[in-house]
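So the chains spell out like this:
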Amino acid sequence: MNTNPKELWDRCLEIIKDNISQEQYDSLFAYVTFKSYVNGELVLSVPSDFVKDYIDEKYASLMQKTLFRVFNCRVLLYWSVLKVQKPVTHVVEQAPDKPMVKNGDQERPHNVTPDMLMAPSVNDLDSRLQPLYNFNNYLEGDSNRLARSVGESIATNPAKTFNPFFVYGPSGCGKTHLVNAIGLRTKELHPEMRVLYLSAHLFQVQYTDAVRTNKVNDFIAFYQTIDMLIIDDIQELAGKTQTQNTFFHIFNHLHIMGKQIILTCDRPPMAIQGLEDRLLTRFKWGLQAEIEKPTQKLRFSILNAKVHKEGLMIPEEVLHFISEHIDESVRDLEGIINSLMAYSVVYNCDINMKLLQKIMPRFVDINEKKNEVSIECIKQKVCEYFNITQEVLDSRSRTQKTSYARQIAIYIASKYTGKSNVQIGLSIGGRNHATVIHSINLVKNLLEVSDDTRNDIRKIEELFA
């Protein structure tokens, strides 16, 4: 078996998660970790006998079927129950002006303050990067081309191109995957660098723990040793004044020392509420790159890649149907494939349109999607209302009437279709992202002050109502 057994177990967890409630998963399987796999014998670690016994009693059948499907052979399952022991502390004598180092025999929990003394070398630092999120499986499309290109450049020459690198976009568009891929490529090309990925929430938890244990100086000192700091969901620091203040000083130190900083957010810096202006200003120093919802073409490519990776036999019509109707999140695309796979295994049935129709309502209201207004329909009604042709609407004409009609069409498309700004721009004369944003904001401003604009949009909406 060429595939890493740990990756196979992670796939099993994905299937299991789709077949039980979130509450059951969080209370049981979230604490199950891979330990080893040798000669068909899988050892999983659990925190207590209760978790082991409950899984054996309630989910033995699901576990065996899933393991057989993913590992493609009969798997003998063994449990390793963690035994909590009091850590043994060894005191190392040092010069009086240096702090003493304490080494315990237990792994440091994820929610305690990182101490630079506990990770003095690169190899000792847990980067927290997820190996599955790499550039090899990060597919490129119109919605992420700029961000991916910049990310690869940064990984090749950290802190030499864009610093900080601020990636923003809606949930599920691939931000976490991209920044993990940057970190992994950086470690591959520059093994001497200390790379660290974590969420803003975990950073906040660590800072709170540092305050509680009077180790704020150690906390700051640790982060000042990082060569590439990747913070996910930076908007989570909103309203956390003291944490922001500490992060500000860490940010300044890393930037001055020529260290790479990468941040992700669900919105651009100018739209974040609750963050200090001095932080927002620094977020704009480097490059801001938006990742939008994936286009239909990219969604199909993502599905196709996952199917090939899993070795599944899924008809193209099924993949096309999914890519046309699920456009909110890459996670939804992966989720529906996992569900199809799980149903196929558990009920021993083929993956086809019949099975898809059974599962799809869990992810999207198909009837609602069928009734969704298309960009072409909107263009037709706008042209009809303003008495112009679609060729004129798509053209480079900048007459007042044509420009106004085009801006209205872009605004209505943004309001009703759920398409990304890139998709809207491409459909309306090949406009770029900046033009689309400008048009939407302009019409929004007009709606606040102009009765004529409100009437125009109302009448156009009535045409396709």
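Just above, that's the structure.
First, a word on scope: everything that follows refers to the structure included in this document. (Residues numbered from 1 in each chain as written. Predicted model: local features only at pLDDT ≥ 70, side-chain atom pairs only at ≥ 80, totals over all residues. Heavy atoms only, no water.)

1. Brief notes about the overall build of the protein chain
Point 1. Across its full length, the protein chain carries 20 helices and ten strands.
Point 2. When burial is assessed residue by residue, the protein chain has 46% of its 465 residues classed as buried.
Point 3. Taking the contacts inside the protein chain whose residues are at least 6 apart along the sequence as the reference set, 71% of them involve residues at least 24 apart.
Point 4. A total of about 24,200 Å² of accessible surface is found on the protein chain, and carbon and sulfur atoms cover 49% of it. (Helix = DSSP H or I, 4+ residues; strand = E, 2+ residues; numbered from the N terminus. Buried < 20%, exposed > 50% of the residue type's maximum accessible area, 1.4 Å probe, protein only. Contact = heavy atoms within 4.5 Å. Areas by Shrake-Rupley, 256 points an atom, 1.4 Å probe, with all protein chains shown as cover.)

2. Things to note about the side chain of Gln260
Point 1. Along the chain, the position of Gln260 falls in strand β9 (residues 260-265).
Point 2. The exposure class of Gln260 is buried, given its relative accessible area of 1%.
Point 3. Of the polar contacts made by the side chain of Gln260, one reaches the backbone oxygen of Phe162; its length is 3.0 Å.
Point 4. In this structure, Gln260 is in contact with Ile154, Pro158, Ala159, Phe162, Asn163, Pro164, Phe165, Asp227, Met228 and Leu229, ignoring residues within four places of it in sequence. (Polar contact = N/O pair within 3.5 Å; in protein donor to acceptor, adjacent residues only side chain to side chain.)

3. What about unusual backbone geometry?
Point 1. The residue after Asn163, namely Pro164, is reached through a cis peptide bond having omega 0°.
Point 2. Here Pro164 shows up in the loop between α4 (145-156) and β6 (165-168).
Point 3. Positive phi, close to 65°, is recorded for Ala159, a residue that is not glycine.
Point 4. Tracing the backbone shows Ala159 in the loop between α4 and β6.
Point 5. Phi at Asn214 is positive, roughly 60°, even though this residue is not glycine.
Point 6. Examined against the element boundaries, Asn214 turns out to sit in the loop between α6 (200-212) and α7 (216-223).

4. Quick word on the nonpolar core
Point 1. Membership of the largest hydrophobic core comes to 51 residues, with the highest contact counts inside it found for Trp9, Phe29, Ile322 and Ile337.
Point 2. Where this core is concerned, the elements lending two or more residues are α1 (5-17), β2 (41-46), α3 (49-71), β3 (76-81), α10 (296-310), α11 (316-325), α12 (330-346) and α13 (353-359). (Core = buried A, V, L, I, M, F, W, Y, C linked by side-chain atoms within 4.5 Å.)

5. Overview of the packing of aromatic side chains
Point 1. Applying the stated rule across the entire model yields 15 aromatic pairs.
Point 2. Ring centres of Phe203 and Phe247 lie 5.6 Å apart, and the angle between their planes is 80°; on these two criteria the pair is classed as edge-to-face. Remark: Phe247 occurs in helix α8 (residues 241-256) and Phe203 occurs in helix α6; sequence separation between them is 44 residues. Like Phe203, the residue Phe247 is buried in the burial classification.
Point 3. An angle of 90° between the planes, with centres 5.1 Å apart, marks the rings of Phe222 and Tyr223 as edge-to-face. Here the two residues Phe222 and Tyr223 agree in accessibility, since each one is buried.
Point 4. Every member of this aromatic cluster is reached through a ring pair, and the members are Phe166, Tyr168, Phe203, Tyr207, Phe219, Phe222, Tyr223, Phe247, Phe251, Phe283 and Trp285.
Point 5. The ring of Phe248 has Arg278 sitting right over it, with the charged end atom 3.8 Å from the ring centre. (Phe/Tyr/Trp six-rings, centres within 6.5 Å; stacked < 30°, edge-to-face > 60°. Lys NZ or Arg CZ within 6 Å of the ring centre and 35° of its normal.)

6. A few points about helix α20 (residues 451-463)
Point 1. Spanning 13 residues, α20 covers 19 Å between terminal C-alpha atoms, matching the ideal 18 Å at 1.5 Å per step.
Point 2. Buried within α20 are the following residues: Thr453, Asp456, Ile457, Ile460 and Glu461. The buried residues of α20 occupy an angular sector of 130° when the element is viewed end-on, so they sit on one face.
Point 3. Of the surrounding elements, those touching the buried residues of α20 are α15 (375-386), α17 (400-416) and α19 (433-449).
Point 4. Among the residues of α20, the N-terminal cap falls to Ser450, whose side-chain oxygen and the backbone nitrogen of Asp452 are separated by 3.4 Å. (Expected span 1.5 Å × (residues − 1). Arc of directions from axis to C-beta.)

7. What about the sheet that holds β6?
Point 1. Taking strand neighbours across the sheet as the criterion, the five strands line up as β7-β8-β9-β6-β10 in an open arrangement whose pairing is parallel. The sheet is open, and its two edges are formed by β7 (195-199) and β10 (287-290), each paired on a single side. Across the sheet, the mean angle separating the axes of adjacent strands is 15° when strand polarity is ignored.
Point 2. As judged from the five bridges shared by β7 and strand β8 (residues 228-232), these two strands associate in the parallel manner. Each bridged residue has a counterpart across the sheet, and for Leu196 the counterpart in β8 is Leu229.
Point 3. α6 rests against β7 and β8 of the sheet, and its axis sits at about 95° to β7. (Pairing = 2+ DSSP bridges. Axes fitted to C-alpha atoms, helices over the stretch in contact; angles between N-to-C directions.)

8. Observations concerning the pairing of β2
Point 1. Among the six residues of β2, five are classified as buried, and the element is accordingly described as predominantly covered.
Point 2. Here strand β1 (residues 33-38) runs beside β2; their pairing, made up of five bridges, is antiparallel. Considered in β2, the bridge of Ser36 is made with Val43.
Point 3. Counting the residues between successive antiparallel strands, the hairpin from β1 to β2 contains two residues, one of them, Asn39, with a positive phi of roughly 50°.
Point 4. Pairing between β2 and β3: six bridges, direction parallel. In the sheet register, Ser45 faces β3, and the bridge partner there is Ser80.

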